[in-house]
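Here's the letter readout for the chains.
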Amino acid sequence: METQPPASVIRERFAKKLSPSNLSTARQTSFREEDFPNSLASAVGLREFLSRNVKRSLSLITCLLFPLISLPQDSVRTIRVPGETTEQTLRSLESRKQKQVQAADQWNALHNFTFSDALAESGIKFKHEVVEEAGKKFKPNHYDHGTAVAAADVDADGRTDLFFVNQRGGNELWRNSGNGRFENITAAAGVAMNGLICVGASFGDIDNDGLPDLFVTTVKMGNHLFRNEGRGRFRDISETAGIREIAHSSGAVFFDFNRDGLLDLFVCNVGVYTRGEKARDGSYHALDDAFTGFLDPKRLETSILYQNLGGLKFRNVSKEVGLEHREWTGDATFCDLQHTGYPGLYAVSMSGKNAYYRNDAGKIFSDATSKTFGRTPW
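Keep in mind that what you see is a predicted model, and the values were worked out from it rather than measured. (Residues numbered from 1 in each chain as written. Predicted model: local features only at pLDDT ≥ 70, side-chain atom pairs only at ≥ 80, totals over all residues. Heavy atoms only, no water.)

**Q** Where do I start with the pairing of strand 18 (residues 364-367) in this structure?
**A** Pairing of strand 17 (residues 355-360) with strand 18, which is carried by four bridges, proceeds in the antiparallel orientation. Residue pairing in the sheet places Arg358 in a bridge with Ser366 of strand 18. What sits between strand 17 and strand 18 in their antiparallel hairpin is a turn of three residues, with Ala361 showing a positive phi close to 55°. (Pairing = 2+ DSSP bridges. Helix = DSSP H or I, 4+ residues; strand = E, 2+ residues; numbered from the N terminus.)

Structure, rendered in structure tokens:
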């Protein structure tokens, strides 16, 4: 049987992390021995402790993620099914594993494959650089949600290339030169966007010329649409295309909502989580209550549906088609759950509720979340 750290050790670890000098949101209090009777029950004890002694649990939980993850390896415990012993849970999991392995023998789809780390051999040297408030000051805000990577064959050579989004230091486009090797073609491609705090990216052929165009979102610095000019070169057409809205944008998805043969664009906007002033690194200072901003309706931002008008022109049609989605939206995907032939949209919220919008013949969207999924947790 694995030796359990005594309650005094658990108590000492959390006492240090929860002291007023380390965590301003915690009240001065003392631990009782029964709060953490053993490490296996420490998660339950911690939850009860938080409910009794913490005023702002959201901030505290965020601060606790790092100390919990950094606990020594020997303090990691096996999670068991309630009502079972650890041994019973492990036997049950092994049994289920064997049944799944046997069932997989009947599959026609590719399966039972493995991955190996080939980064060193690829030649890719991209390094994600975060803003100071997330990477240096560890201030709780949405900058710490990271950035995207998008894949497409940008030069029509039959190989998938990679576009890496960066907060600082510029984005990078790496061309697949074959045999698992990549080369950095960012400068020639013209998609670095230096000086902008970027978030998401999506490829889509907006003019049906067979070449994937690129859309990149930013945090309150304007989103950018790049037309693929061929041979891995891009041109920024944001202004002339009608992409002008500025918000705390996140993910973006191309899809043809009205089936006119042209890819339209849905841009996810989160909500106001920054101030007007900029930090030294060029990013906007995050608000102190960034993670609770979704509770204030005035800070919500409406996500945008752009209709592709052809001729490299887009128009914001969110209001006229009934798709004025206002939640703390991080990403979205299109899906035709009713099999009408017209793609609907599922939007994912960071905080608050997700939403599924049914597409009625490409003319109007209606919120069909509750009818489709019933009651779900946020």
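Next, the rest of the story.
**Q** Please explain the packing of aromatic side chains as it appears in this structure.
**A** In this description, a pair of aromatic rings is defined by centroid distance and the angle of the planes. Tallied over the full model, the rule gives seven aromatic pairs. Between the aromatic rings of Phe255 and Phe334, the centroid separation amounts to 5.9 Å while the plane-to-plane angle is 5°, which identifies the pairing as stacked. Linking Phe255 in strand 9 (residues 249-255) with Phe334 in strand 15 (residues 329-335), this pair joins segments that are 79 residues apart in sequence. A residue is classified by how much of its surface remains accessible, and Phe255, at 2% relative accessible area, is buried. Residue classification places Phe334 among the partly exposed residues on the basis of a relative accessible area of 41%. (Phe/Tyr/Trp six-rings, centres within 6.5 Å; stacked < 30°, edge-to-face > 60°. Buried < 20%, exposed > 50% of the residue type's maximum accessible area, 1.4 Å probe, protein only.)

**Q** Help me understand the sheet that holds strand 7 (residues 224-230) in this model?
**A** Backbone hydrogen bonds hold the strands of a sheet together, and the pairing may be parallel or antiparallel. Strand order in the open sheet formed by four strands is 5-6-7-8, and the pairing between neighbours is antiparallel. Of all strands in the sheet, those bounded by a partner on one side alone are strand 5 (198-204) and strand 8 (233-236). Direction aside, the axes of adjacent strands within the sheet are offset by 25° on average. Relative to strand 7, strand 6 (residues 213-218) is paired through three bridges, and the arrangement is antiparallel. (Axes fitted to C-alpha atoms, helices over the stretch in contact; angles between N-to-C directions.)

**Q** Explain the nonpolar core to me, please; I cannot follow it from the model alone.
**A** One broad trend across soluble globular proteins is that nonpolar side chains are buried collectively. Ranked by internal contacts, the top residues of the largest apolar core, which has 17 residues, are Phe163, Leu173, Val191, Phe203, Leu214, Val216 and Phe234. Put simply, the parts of the chain that give this core at least two residues each are strand 1 (149-152), strand 5 and strand 6. Among the elements that line this core, the one with the most residues is strand 5, at three residues. Among all residues touching Val216, those that are not within four sequence positions of it are Phe163, Asn171, Met193, Cys198, Gly200, Ala201, Asn223, His224 and Phe226. (Core = buried A, V, L, I, M, F, W, Y, C linked by side-chain atoms within 4.5 Å. Contact = heavy atoms within 4.5 Å.)

**Q** Sorry, what's going on with the pairing of strand 11 (residues 274-278) here?
**A** Within a regular strand, side chains alternate between the sheet's two faces. With two bridges joining them, strand 11 and strand 12 (residues 284-286) adopt antiparallel strand pairing. Residue pairing for strand 12: Lys278 is matched across the bridge by Tyr284. Linking two consecutive strands that pair antiparallel, namely strand 11 and strand 12, is a turn of five residues; a positive phi of about 95° is found at Gly282 within it.

**Q** Would you explain the pattern of salt bridges in this entry?
**A** Pairing is possible between side chains of opposite charge, provided their charged atoms come close. Scanning all chains against the criterion turns up 15 salt bridges. With a shortest N-O distance of 3.5 Å, Arg227 and Asp209 are connected by a salt bridge. Note that Arg227 is positioned in strand 7 and Asp209 in the loop between strand 5 and strand 6, a separation of 18 residues in sequence. Arg227 sits in the buried class, given a relative accessible area of 19%. Lys298 is the partner of Asp296 in a salt bridge, and the nearest nitrogen-oxygen pair spans 3.3 Å. (Salt bridge = Lys/Arg side-chain N within 4 Å of Asp/Glu carboxyl O.)

**Q** Looking at this model, I keep getting lost on unusual backbone geometry. Mind explaining?
**A** Leave glycine aside and you will find that most residues have negative phi; peptide bonds, for their part, are mostly trans. Of note in this structure, Ala156 is not a glycine but carries a positive phi near 55°. Relative to the elements of secondary structure, Ala156 occurs in the loop between strand 1 and strand 2 (161-164). Taking the relative accessible area as the measure of exposure, Ala156 reaches 54% and is therefore exposed. Look at Asn208: it is not a glycine, yet its phi comes out positive at around 55°. Mapped onto the secondary structure, Asn208 falls in the loop between strand 5 and strand 6.

**Q** Could you clarify how one ought to interpret the sheet that holds strand 3 (residues 172-178) in this entry?
**A** Reading across from one edge, 1-2-3-4 is the order of the four strands in this open sheet, with antiparallel pairing throughout. Every interior strand has two partners, whereas the edge strands, strand 1 and strand 4 (181-184), have only one. Neighbour-to-neighbour, the strand axes of this sheet turn through a mean angle of 25°, independent of strand direction. Sheet topology note: the strand 3/strand 4 ladder contains four bridges and is antiparallel. Within strand 4, the residue paired with Arg175 across the bridge is Glu183.

**Q** Would you take a moment to explain the environment of Arg159 for this structure?
**A** Of note, Arg159 is situated in the loop between strand 1 and strand 2. Counting along the chain gives 19 residues from Arg159 to Gly178, while the straight-line C-alpha distance between them is 7.2 Å. Residues contacting Arg159, with those up to four places away along its chain left out, are Ala152, Asp153, Arg175, Asn176, Ser177 and Gly178. At 3.0 Å, the side chain of Arg159 and the backbone oxygen of Asn176 are in polar contact. (Polar contact = N/O pair within 3.5 Å; in protein donor to acceptor, adjacent residues only side chain to side chain.)

**Q** Would you mind going over the side chain of Asn258 with me for this structure?
**A** Within the fold, Asn258 resides in the loop between strand 9 and strand 10 (264-269). If we ignore the near neighbours within four places in the chain, the residues touching Asn258 are Asp264, Gln307, Tyr342 and Gly362.

**Q** For this particular structure, what's the right way to read the environment of Gly271?
**A** For Gly271, the location among the structural elements is in the loop between strand 10 and strand 11. Between the alpha carbons of Gly271 and Ala247 there is a distance of 7.7 Å; along the sequence they are 24 residues apart.

**Q** What exactly am I supposed to notice about the side chain of Ser250 here?
**A** The residue Ser250 is located in strand 9 in this model. At 2.7 Å, the side chain of Ser250 and the backbone oxygen of Gly330 are in polar contact. Setting aside its immediate chain neighbours within four residues, Ser250 contacts Val199, Gly200, Thr217, Cys268, Val270, Thr329, Gly330 and Met350.

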